[in-house]
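Residue-level structure breakdown
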Amino acid sequence: MSEHLPDGVERHAFGGDGDGTDRLATRGEPVYGEPTDDEWRAWDPSRSKLGAMLELEMQTDLAGDDTVLYLGAASGTTVSHVADFAGPTYAVEFAARPARDLLEAAASRSQLFPLLADARKPDTYAHVVESDVDIIVQDVATRGQARVALENRRFLADDGRLLLAVKARSEDVTRDPSAVFDDVREELEAEYEVLETKSLERYHADHLGIVARPL
Ligand code: SAM
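Treat the numbers as computed from the prediction; the structure is a model and nothing was measured.

**Quick look at the site of the ligand**
Near the ligand there are 19 residues, and of these Tyr70, Thr78, Glu93, Ala119 and Asp139 occur at the shortest range. Ala119 has a polar backbone atom sitting 2.8 Å from a nitrogen atom of the ligand. Residue composition of the shell around the ligand, grouped by class: 9 nonpolar, 4 polar and 6 charged.

**Details of the packing of aromatic side chains**
Evaluation of the coordinates by the stated rule reveals 3 aromatic pairs. Judged by centre distance (6.3 Å) and plane angle (35°), the rings of Trp43 and Phe85 are tilted. With Trp43 in the loop between β3 (40-42) and α1 (49-55) and Phe85 in helix α2 (residues 77-85), this pair connects stretches of sequence that are 42 residues apart. In terms of burial, Trp43 and Phe85 fall into one category: buried.

**Topic: the sheet that holds strand β6 (residues 112-116)**
Taken in spatial order, the 7 strands of this open sheet run β6-β5-β4-β7-β8-β10-β9, and their pairing is mixed. In this open sheet, the two strands that pair with only one neighbour each are β6 and β9 (192-199). Put simply, the sheet's adjacent strands are angled 15° from each other on average, direction ignored. The sheet contact formed by strand β5 (residues 89-93) and β6 spans 5 bridges and is parallel. Within β6, the position partnered with Val92 by the bridge is Leu115. Where helix α3 (residues 96-107) meets the sheet, it contacts β5 and β6, and its direction lies at approximately 165° from that of β6.

**Quick look at unusual backbone geometry**
What is expected of a backbone is that most residues other than glycine have negative phi and most peptide bonds are trans. Even without glycine at this site, Asp61 takes up a positive phi of about 65°. Mapping Asp61 onto the fold places it in the loop between α1 and β4 (68-71). Taking the relative accessible area as the measure of exposure, Asp61 reaches 48% and is therefore partly exposed. Phi at Ala141 takes a positive value of approximately 50°, unusual for a residue other than glycine.

**Some words on the UniProt feature "binding site: S-adenosyl-L-methionine" (unreviewed entry) in the protein chain**
The UniProt feature table records "binding site: S-adenosyl-L-methionine" (unreviewed entry) at Thr77, Thr78, Glu93, Phe94, Asp118, Ala119, Asp139, Val140, Ala141 and Thr142. The residue Thr77 is located in helix α2 in this model. By relative accessible area, which is 14% here, Thr77 ends up buried. If near-sequence neighbours (up to four positions away) are discounted, Thr77 is found in contact with Tyr32, Arg41 and Arg47. Positionally, Thr78 belongs in helix α2. On the basis of relative accessibility, which here comes to 4%, the residue Thr78 falls in the buried class. Among residues more than four places away in sequence, those in contact with Thr78 are Trp43, Arg47, Ser48, Lys49, Leu50 and Tyr70. Engagement of the side chain of Thr78 in a polar contact is seen with the side chain of Ser48, the distance being 2.8 Å.

Calculation rules
Residues numbered from 1 in each chain as written. Predicted model: local features only at pLDDT ≥ 70, side-chain atom pairs only at ≥ 80, totals over all residues. Heavy atoms only, no water. Near = heavy atom within 4 Å. Polar contact = N/O pair within 3.5 Å; in protein donor to acceptor, adjacent residues only side chain to side chain. Nonpolar A, V, L, I, M, F, W, Y, C, P; charged D, E, K, R; others polar. Phe/Tyr/Trp six-rings, centres within 6.5 Å; stacked < 30°, edge-to-face > 60°. Helix = DSSP H or I, 4+ residues; strand = E, 2+ residues; numbered from the N terminus. Buried < 20%, exposed > 50% of the residue type's maximum accessible area, 1.4 Å probe, protein only. Pairing = 2+ DSSP bridges. Axes fitted to C-alpha atoms, helices over the stretch in contact; angles between N-to-C directions. Contact = heavy atoms within 4.5 Å. UniProt positions renumbered as here; feature names shortened; annotations may be inferred.

Right under this line is the structure:
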């Protein structure tokens, strides 16, 4: 087990899944056809930006029992892993189709609260999400990714962390990704201090992982 992993995330080898290398894993019901054993389910970093950030040893500060606000939950691939080890996990998704699968992932996870809402309109879920969450995870992959992070800053504890996956092509398909990342970073810096950035390229083309804390 690596030291940077939160409690409840471990490395396990899954028999019959090829090379027998240790893979990130959490304990819970499978969600997306990932390899499992009696107890653990593999967390695939090529299906999950947060998984990639952990695999690339970014300093996420994620800990077991953290309260998490997850923006862009889709059908629950990543947020289900988070809810396997974290505390209350609020999962915001605005598309009805993936949200149906998200409800299914939540059925076996009492800590996972799906919210069919637009992450650009935090007023619509402010009555549900507790303030002072420890971690915001954001993976919305739409234009205006920095703005979404700024608008949700209000939920984050002063010593909390924003774990943001930026998809360059969602901002502008024609621009050089590094120019897009610079712009997103600059916009974020109105309300966050960026602590670490790392390319997620090994698992996700043209994505940057950012760890930031609120100013
Ligand atoms: N984070 C997911 C995972 O790892 O399992 C994948 C997320 S997918 C790349 C991006 C998701 O963000 C899509 O399901 C999309 O509908 C959602 N999304 C985009 N903009 C949003 C917004 N403003 N509010 C809520 N969800 C949004």
